[in-house]
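For reference, the chains in residue letters:
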Amino acid sequence: MAETENATQTSVLSRLKAAFPYLLTAGLFALGAFALYHLLKPVNFKDVMAQVRGTPWHIIALSLLAMLTGYAALIGYDWSALRYLGKKLPLPVIMTGGFLGYALGNTIGAGPVTGGAVRYRIYASLGLTGYDIAAIAVFGSVAFGLGATIIGFGALAYHPYALQSLTTVAPHTLRLIGIAALLVAVGLLLALVLRKSEITFRGHRFKRPSLPLIGGQILFTAVDILMAATVLYLLLPPSDLGFATFLAVFAAAILAGVASHVPGGVGVFETVILTALPDSVPVDQAAAGLLLYRLIYYIVPFALALVILALSELRMASAKTQSVQMQALAPIFKAVSSVAPLALSGMIFVSGVFLLLSALIPASSAVAEEMEMILPLGFVEGGALLSSAIGAALLIIAHGLFRRVEGAYWLALTALIAGMVASLLHGLDYERAAILFLMTLILLPCRREFYRSARLTRNPLSLRWLLLLGSIIIAALAVYFFAHKATLYRHELWWQFATDQSAPRAMRAGLIGALAIGLFALLASLRPPRVATRLASPDEIAQARNVIATQPNPDANFALTGDKSLLFSDSGRSFLMYRVQGRSWIALGDPVGDPAESAQLAWEFVDAANAANARPVFYEVPPDNLGLWIEMGFALHKMGEEAVVPLAEFSLDGSARKKLRTAHSRAGRDGLSFDILPAPVDDDTLSTLRIISDQWLADKNSTEKQFSVGRFDPDYLRQFPIAVVRFEGRVVAFANVLSTAQKATATIDLMRHVDDAPSGLMDYLFTELMLHLKAEGYANFSLGMAPLAGLETRRGSRWTMKLGAFVYRYGGHFYNFDGLRNFKNKFDPNWHPRYLVAPPHANVLLIAADAATLVSGGLRQGLAKP
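Residues numbered from 1 in each chain as written. Predicted model: local features only at pLDDT ≥ 70, side-chain atom pairs only at ≥ 80, totals over all residues. Heavy atoms only, no water.

**Here we look at the packing of aromatic side chains**
Phase 1 of the analysis: Applying the stated rule across the entire model yields 28 aromatic pairs.
Phase 2 of the analysis: Here F766 and F827 contribute two aromatic rings whose centre-to-centre distance is 6.0 Å and whose plane-to-plane angle is 55°, an arrangement assigned as tilted. In this pair, F766 sits in helix α27 (residues 761–775) while F827 sits in the loop between α29 (817–825) and β14 (830–838), placing the two residues 61 residues apart along the sequence.
Phase 3 of the analysis: Through pairs of rings, three or more aromatic residues link up here, namely Y71, F99, Y233, F243, F246, F250, F269, Y293, Y297 and Y298.
Phase 4 of the analysis: For R294, the ring lying beneath its charged end belongs to Y298, and the centroid distance is 4.9 Å. (Phe/Tyr/Trp six-rings, centres within 6.5 Å; stacked < 30°, edge-to-face > 60°. Helix = DSSP H or I, 4+ residues; strand = E, 2+ residues; numbered from the N terminus. Lys NZ or Arg CZ within 6 Å of the ring centre and 35° of its normal.)

In structure tokens:
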């Protein structure tokens, strides 16, 4: 009993520990918001907006120029980091990656994480690793922290009275603190420059930065902070606060915002600035300056980033008609456009907040106030209510866009258009309508980035359900008007609360019910569609056969065994094969078919598995889609390596092939002969091969496998040509050959022989088969996978890698791992890794057990006919 209580307490403490950073951030945000509310309590909103609208244009222009200069310095962070890493990228790529990373990271929040994700998609397309990109993000964060410390404490040492209103510490003490912190920061930089050995941190080694590199980065950081401070200094009302003094205040506000971990330091930054300003500065003018600062330094770069993304999408859409030079930049455009879901979800979220606040705040322009007086009251009230409802819907839709849900894209477009209508109804607010129109234009060309199915676009409510809901709504309205036909409508009815007043109660209940139904419908429309887990039907297998012929992977033919479920794309040009075992949904290999639909199928499969409270797993996948697995947040576990022989280079000539040539010649002299039986093979031959197969299984004390391999099923084998080896006219071995119409790669599935097979039989079979395929024009031949081969056990390797390497090294008693790899090495193949892709916190041992159950045929129904 005591052990159970201790376990429960430990679990609760671990959850609280994990939630503590989020609770702390929320608490700091609440404190900042509370302090800001009290500081702005005497301020009238209309006065603030009047100050914003009255800001001179030359001040706006100078602020925009300072902002652009500051963001150019931010790009210098990436340039310095790449120099430190010894990586060279084209300057336009660095400018694009740096600007998008900071523009999106500063606005969305969690700058190093968000900006790192943006940089990964752009820089990885040009060969940088995840480690390199993480190093760039860390380099920028450290450089900014040191630079802000030097500039902030330097300004404090120069003018310690800057923070007099924020603290009770004496000015001379603040000056000493500033000098001490400045000396520590400068000493740390000098120690890094003068250090002769490498820097070791948590087992990782870093080379020391050079003096020119540190000097250049300090210059970039200084320009960045000085320009950001200049933007705000220009926008604040004139005061006796000198720029050097203001710089110390600004640096303190920046550091306070960063330390709070609140996105953008919202609330915390403003509180520090307003508190530090002299009493002579009007609070409403200061609030207007801070609002304009947020617009110019955060929203304007964010909007420019969105425009760049939209232009990239247009370039990608017209790639086929572009020049050769522009097509060479296609990978960069593709990398930039892959950032679209993150950026557009942020845009839609901001637009939702914008509409919600627009419905809450009063009209701030003279035109809007006049239109509210002219337009009918129903238009004004309806516009505000519609704006609020659309804003709330956009907050939910933003999450769907982040998940690349296609239905969220169409809902977002619809909501933005409806928001424009609501803005015009709400006092003819053409400014808000124009902003929403621009957002619509940015969203339009990004359709291709949203491909995940949802119930809105697939498996929606049936016609029966739609008619039922419509009938219920009509019936409810009829009952309401019949029951309260004697009550005249008045605006006051909404706010009447009395036991004998049923009409107001019914109105409020109807409104809440309608909102609840609308919210439920929105959430349901963005949920993933249901996916059937039954085995593939004959029609689906026939459809899969047509898809297989159009692509190069011969392993796709395993879909024709009939022991797997098939998930097709919306177009039907691609599919994914999988089985369900226990709580694991295991897909075999990558999606098959059109590469452009791979991501859609993978996401749909993962969504369906998550909806079933199961583990989505991709089994024996090549490295072709590593970027997709990383984007999905999955972990990769190396299963082994596949041996692929380039047939153009394969022959029996030369000294390197002397042993193989000798064995092949001896087998021919001993009476072995090779032949290819075209598909479909006749029944008599299949009966002969059945005898060999049964004998082989009995000799191996084994049974038929499934899932990742075929089985001896006449219907299955008739679909492929079969390679046979005869000895003295008798078939002694066979293998069915898997290939596709593209002749890119061929491989074999079943490979079985008699128990008294002559020596060198398998060498002879593979040699003859590869020579035959080479003559037929095939490019490669796959010898299959060597399990657990190529697993490294360096420091920091996954425990699964270390366990796999241990089993490979010491598990020879159970399986001849090393012997299988040595046999395949006879043919000088190229080795390609194969992975198990699974959620990062999934139990890999349970997944391995489920996969082993599938492969070994543990599910008897797996052998049943579809």
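**Thoughts on the side chain of N557**
Phase 1 of the analysis: Inspection of the secondary structure puts N557 in the loop between α21 (538–548) and β3 (565–568).
Phase 2 of the analysis: Relative accessible area serves as the criterion here: at 5%, N557 is assigned to the buried category.
Phase 3 of the analysis: There is a polar contact of 2.8 Å between the side chain of N557 and the backbone oxygen of P554.
Phase 4 of the analysis: There is a polar contact of 3.2 Å between the side chain of N557 and the backbone oxygen of S739.
Phase 5 of the analysis: Sequence-distant contacts of N557, that is, excluding residues within four places in its chain, are made with I548, Y716, F720, L738, S739 and T740. (Buried < 20%, exposed > 50% of the residue type's maximum accessible area, 1.4 Å probe, protein only. Polar contact = N/O pair within 3.5 Å; in protein donor to acceptor, adjacent residues only side chain to side chain. Contact = heavy atoms within 4.5 Å.)

**Section: the pairing of β3**
Phase 1 of the analysis: Burial along β3 is two-sided: S565 and L567 and L566 and F568, pointing in opposite directions, are all buried.
Phase 2 of the analysis: Strand direction decides the pairing type here: β3 and strand β4 (residues 574–581), joined by four bridges, are antiparallel. Looking at the pairing, F568 lines up with F575 of β4.
Phase 3 of the analysis: Between the end of β3 and the start of β4, which pair antiparallel, lie five residues, with G572 showing a positive phi angle near 80°. (Pairing = 2+ DSSP bridges.)

**Focus: helix α22 (residues 598–611)**
Phase 1 of the analysis: Across its 14 residues, α22 extends 20 Å between first and last C-alpha, which sits within 8% of the 20 Å expected from 1.5 Å per residue.
Phase 2 of the analysis: Among the 14 residues in α22, 12 count as buried, and that is most of the element.
Phase 3 of the analysis: Looking only at α22, the buried set comprises S598, A599, Q600, L601, A602, W603, E604, F605, V606, D607, A608 and A609.
Phase 4 of the analysis: In this structure, the buried side of α22 is in contact with β3, β4, β5 (584–588), β7 (615–621) and α23 (626–631).
Phase 5 of the analysis: Where α22 terminates, the next one or two residues include N613, which has phi positive at roughly 55°. (Expected span 1.5 Å × (residues − 1).)

**A look at a nonpolar patch on the surface**
Phase 1 of the analysis: On the surface, a nonpolar cluster with roughly 380 Å² of combined accessible area is contributed by F437, L438, L441 and L444.
Phase 2 of the analysis: Along the polypeptide, L438 turns up in helix α18 (residues 430–443).
Phase 3 of the analysis: The exposure class assigned to L438 is exposed, which follows from its relative accessible area of 52%. (Patch = residues over 30% accessible without salt bridge, like charges linked within 9 Å, V, L, I, M, F, W, Y side chains within 5 Å. Areas by Shrake-Rupley, 256 points an atom, 1.4 Å probe, with all protein chains shown as cover. Salt bridge = Lys/Arg side-chain N within 4 Å of Asp/Glu carboxyl O.)

**Description of the packing of helix α3 (residues 57–85) against helix α8 (residues 211–235)**
Phase 1 of the analysis: With their axes 8 Å apart at the nearest point, α3 and α8 run at an angle of 160° to one another. In terms of orientation, α3 and α8 fall into the roughly antiparallel class. Both α3 and α8 take part in a crossing whose hand is left-handed.
Phase 2 of the analysis: Of the residues belonging to the contact of α3 with α8, the class tally is 17 nonpolar, eight polar and two charged. (Axes fitted to C-alpha atoms, helices over the stretch in contact; angles between N-to-C directions. Parallel < 35°, antiparallel > 145°, perpendicular 65-115°, else oblique. Left-handed = near helix turned anticlockwise from the far one by under 90°. Nonpolar A, V, L, I, M, F, W, Y, C, P; charged D, E, K, R; others polar.)

**Thoughts on the packing of helix α24 (residues 658–669) against α27**
Phase 1 of the analysis: At their nearest, the axes of α24 and α27 sit 9 Å apart, and the two run at 100° to each other. When the interaxial angle is binned, α24 and α27 end up roughly perpendicular. Mapping the contact onto sequence places L660, H664, A667 and G668 in α24 and Y764, T767 and E768 in α27.
Phase 2 of the analysis: Residues that form the contact of α24 with α27 fall into these classes: three nonpolar, three polar and one charged.

**Quick notes on the side chain of S569**
Phase 1 of the analysis: Following the sequence through the fold, S569 ends up in the loop between β3 and β4.
Phase 2 of the analysis: Exposure remark for S569: the relative accessible area of 5% places this residue in the buried category.
Phase 3 of the analysis: Those residues in contact with S569 that sit more than four places away from it in its chain are S574, E597, Q600 and L601.

**A closer look at the environment of P552**
Phase 1 of the analysis: The residue P552 is located in the loop between α21 and β3 in this model.
Phase 2 of the analysis: The exposure class assigned to P552 is partly exposed, which follows from its relative accessible area of 39%.
Phase 3 of the analysis: Sequence separation between P552 and A744 is 192 residues; the distance between their C-alpha atoms is 5.4 Å.
Phase 4 of the analysis: What P552 contacts, discounting residues up to four positions off in sequence, is T740, Q742, A744 and T745.

**Topic: unusual backbone geometry**
Phase 1 of the analysis: The amide bond that connects A679 to the next residue, P680, takes the cis arrangement and shows omega of -5°.
Phase 2 of the analysis: Its place among the elements puts P680 in the loop between β9 (672–677) and α25 (683–699).
Phase 3 of the analysis: A positive phi angle, near 55°, is found at N701, a position not held by glycine.
Phase 4 of the analysis: For D828, which is not glycine, the phi dihedral falls at a positive 50°.
Phase 5 of the analysis: Within the secondary structure layout, D828 lies in the loop between α29 and β14.

**Some details on helix α30 (residues 844–855)**
Phase 1 of the analysis: Spanning 12 residues, α30 covers 16 Å between terminal C-alpha atoms, matching the ideal 16 Å at 1.5 Å per step.
Phase 2 of the analysis: Inspection of α30 places V844, I847, D850, A851, L854 and V855 among the buried residues, and these make up the whole buried set. For α30, the arc enclosing every buried residue in end-on projection is 135°, short of the 170-degree limit, so these residues lie on one face.
Phase 3 of the analysis: One or two residues past the end of α30 sits G857, with phi positive at roughly 80°. (Arc of directions from axis to C-beta.)

**Describing the nonpolar core**
Phase 1 of the analysis: Counting residues in each nonpolar core, the largest one holds 97 residues, and the members touching the most others are Y123, L232, F250, F269, Y293, L344 and M347.
Phase 2 of the analysis: Looking at this core element by element, the count peaks at 14 residues for helix α11 (residues 283–317).
Phase 3 of the analysis: Setting aside chain neighbours within four positions, we find M347 in contact with F302, L306, M439, I442 and L443.
Phase 4 of the analysis: Counting residues in hydrophobic clusters, the runner-up holds 77 residues, among them I541, A556, M639 and F720. (Core = buried A, V, L, I, M, F, W, Y, C linked by side-chain atoms within 4.5 Å.)

**Some details on the pattern of salt bridges**
Phase 1 of the analysis: Scanning the model with the defined rule gives 20 salt bridges in all.
Phase 2 of the analysis: Through salt bridges with shared partners, a single ionic network connects D563, K564, R711 and D713.

**Focus on the confidence of the model for the chain**
Phase 1 of the analysis: Looking at the chain, the pLDDT average stands at 76 and 69% of residues meet or exceed 70.
Phase 2 of the analysis: This model gives residues 810–814 a pLDDT under 50, and the stretch forms two contacts once residues within four places in sequence are excluded.
Phase 3 of the analysis: In this model residues 859–866 is a low-confidence stretch, pLDDT under 50, and it forms 21 contacts with partners more than four residues away in sequence or in other chains. (pLDDT = per-residue confidence, 0-100.)

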